[in-house]
Amino acid sequence: MSNRIYIFDTTLRDGEQVPGCQLNTIEKIEVAKALEKLGVDVIEAGFPVSSPGDFQSVVEISKAVSNPTICALTRSVEKDIDVAAEALKYAKKGRIHTGIGTSDYHIKHKFNSTRDEIIERAVKAVKYARKFVDDVEFYAEDAGRSDNEFLARVIEAVVKAGATVCNIPDTTGYCLPHQYGEKIAYLMNNVPNIDKTILSTHCHNDLGLATANTLAGISNGARQVEVTINGIGERAGNTSLEEVVMAIKCHQDLAFENNIDSKQLNGISKLVSTLMNMPVQANKAIVGKNAFAHSSGIHQDGVLKNRENYEIIDPADVGVDESAIVLTARSGRAALKHRLEVLGFTFSKEKIDEYYEKFLIMADKRRELTNDDLMMLVGEEKNKDKKIKLKFLQVTSISSVKPTAIVHLDINGVTFESTATGNGPVDAAIKAVKKIIPDTEKVTMNEYLIQGVSKGSDDFCKVHMGLEKDSKLIRGFSSSSDIVTASVEAYLDALNKI
Ligand code: KIV
Ligand code: ZN
């Protein structure tokens, strides 16, 4: 038996059923294209008979996406199947997903029917769907609570009728992993024509066991997993794609293979969360904000010594740049020293001990210390003994007018003021400084590097500057959330050294 696991994504069908998560057709196409890039094998694009909008989305996704199979959901009702077939008209590879409830709850209380009648309806639906497409998936709704012997009879009958894939949903998220695994094993061992179909897992997360059940399913012979990005879906959600993919990747010994490019997981998680207005919980495995964040001193020290001390996944493997060392009152000296180094400051052990005491006082007052806070912590200290200090800076920058800068410098306790214009705000500010310090005519700037520390428009930037005087290069450094301030302070840092 092959170990290839087919990834069937139902974010746009089961995921989209969540109240408040509805997407329009354009948004659905965006998600579908991202899923295609991610490498999923099947995209369940919708339930076409449910609304004209859903029908149209399946049509447009079928046109927009080429590699994955496009799947459309139906009940075991001819009208549903007609509409699904019509919606899949443009799909390069189309699949109809039809089915019916097989648990006694559903048979008695939903269909008021009998087991034999359910088999008849299931077979009829599969045969009817096969008239339109070669690829028909059958779902045995509430298979998780269905009697295994009866379920085996249903699966045997629908495979005979032409079902290429058989979905065994734990619709209510009831099963424990060993029960779900045994169910799949039972079907593998007791359905005579099981080799003519692929068993698929479809687990809901009502007991928080969806991923565990899915893994139990593939360990016992299922070869397709039905999943959603961020685990969104009815009630407590569906199995999350990123969890299954990374569990398989982390446990190479299982030897399961799939086509997913895991580096895209973080990006697609954010896309789906944003479009669906569905925040990802901070401690969500793989894609949560805290999934690679370390906040206790012991863990931070361990991670800084060797990431693998406390991480089983390299963040880069899921598209996260690096682990985050969160600075809180629980952080240790190692984390403080590390963050200061990232900001460009290297201090002796004694100095770090000194800053650490101040750091703890600040951290006790706030939940988390930012780079700004650290700059305040060390900045005052660093500036204390400087001869030239920036007291005030104002830059006016209006499009099509040259920027103007007003600068006040404190030189040995005396304030000097000047104004200058320049090609840009930084140029104007540096020219204003030069007007105050005439000696700067002999100084040339031959290095100027601006780097963002984290990301986003509210980022903190680091400026490295190299000034040359009398053939000697002197370097200055500063950081600030404001590029112009950081540039002027880096310039002054170098001038102070001159
Ligand atoms: O959970 C479920 O049983 C389903 C089926 C419609 C496949 O979503
Ligand atoms: Zn479902």
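**Describing the pairing of strand β3 (residues 69-73)**
Of all 5 residues in β3, 5 are buried, a share of seventy percent or more. Alternating positions in β3 separate into two faces, T69, C71 and L73 on one and I70 and A72 on the other, with burial throughout. Across 4 bridges, the pairing between strand β2 (residues 42-46) and β3 is parallel. The residue bridging V42 from the neighbouring strand is T69, located in β3. Taken together, β2, helix α2 (residues 52-64) and β3 constitute a β-α-β crossover, and its handedness is right-handed. Bridging between β3 and strand β4 (residues 94-101) involves 4 bridges; their strand directions are parallel. When the bridges of β4 are listed, L73 appears paired with H97.

**Things to note about the domain arrangement of the protein**
Parsing the protein into structural domains produces domain 1 (6-275), domain 2 (293-380) and domain 3 (385-497). Spacing between the C-alpha centres of domain 2 and domain 3 amounts to 28 Å. With 8 residues of domain 2 at the interface, the matching set in domain 3 holds 7 residues. Summed over both partners, the interface of domain 2 with domain 3 comes to about 640 Å²; 56% of that surface belongs to carbon and sulfur atoms. Run the count over domain 2 and domain 3 and you get 0 salt bridges. Counting the contacts that link domain 2 with domain 3 gives 0 residue pairs in polar contact (both at pLDDT 80 or more).

**Thoughts on the coordination of the zinc ion (ligand 2)**
For the zinc ion (ligand 2), the full set of protein donor atoms is D14 (OD), H202 (NE2) and H204 (NE2), at a range of 2.0 to 2.1 Å. Here the donor residues of the zinc ion (ligand 2) are spaced in sequence according to D-x187-H-x1-H. Residue class for H202 comes out buried when judged on its relative accessible area of 4%. Relative accessible area serves as the criterion here: at 4%, H204 is assigned to the buried category.

**Examining the sheet that holds strand β15 (residues 461-469)**
Strands sit in the order β14-β15-β16 across an open sheet of 3 strands; the sheet is antiparallel. Every other strand in the sheet has two partners, leaving β14 (444-452) and β16 (472-480) as the edge strands with one partner each. Direction aside, the axes of adjacent strands within the sheet are offset by 15 degrees on average. As judged from the 8 bridges shared by β14 and β15, these two strands associate in the antiparallel manner. Looking at β15, one finds that E447 is bridged to G466.

**Quick word on a nonpolar patch on the surface**
Judged by side-chain polarity, M445, Y448, I450 and I483 come together as a nonpolar surface patch covering roughly 330 Å² of accessible area. With 3 residues, the top contributor of residues to the nonpolar patch is β14. Along the chain, I450 turns up in strand β14.

**Examining the state of the cysteines**
Each disulfide consists of one covalent bond between the sulfur atoms belonging to two cysteines. Enumeration over the complete set of coordinates arrives at 0 disulfides. In this structure C166 is not part of a disulfide, and its nearest cysteine sulfur, from C71, lies 13 Å away. Summary of cysteine pairing: C175 is not part of a disulfide, and the nearest cysteine sulfur, belonging to C203, is at 7.5 Å.

Parameters and conventions
- Residues numbered from 1 in each chain as written.
- Chains lettered and ligands numbered in written order.
- Predicted model: local features only at pLDDT ≥ 70, side-chain atom pairs only at ≥ 80, totals over all residues.
- Heavy atoms only, no water.
- Buried < 20%, exposed > 50% of the residue type's maximum accessible area, 1.4 Å probe, protein only.
- Helix = DSSP H or I, 4+ residues; strand = E, 2+ residues; numbered from the N terminus.
- Pairing = 2+ DSSP bridges.
- Right-handed = clockwise from strand over helix to strand, strands pointing away.
- Domains from an automatic or database assignment.
- Contact = heavy atoms within 4.5 Å.
- Buried area = accessible area lost by both parts, 1.4 Å probe.
- Salt bridge = Lys/Arg side-chain N within 4 Å of Asp/Glu carboxyl O.
- Polar contact = N/O pair within 3.5 Å; in protein donor to acceptor, adjacent residues only side chain to side chain.
- Donors = N, O, S within 2.8 Å, 3.2 Å for Na, K, Ca; no water.
- Axes fitted to C-alpha atoms, helices over the stretch in contact; angles between N-to-C directions.
- Patch = residues over 30% accessible without salt bridge, like charges linked within 9 Å, V, L, I, M, F, W, Y side chains within 5 Å.
- Areas by Shrake-Rupley, 256 points an atom, 1.4 Å probe, with all protein chains shown as cover.
- Disulfide = S-S within 2.5 Å.

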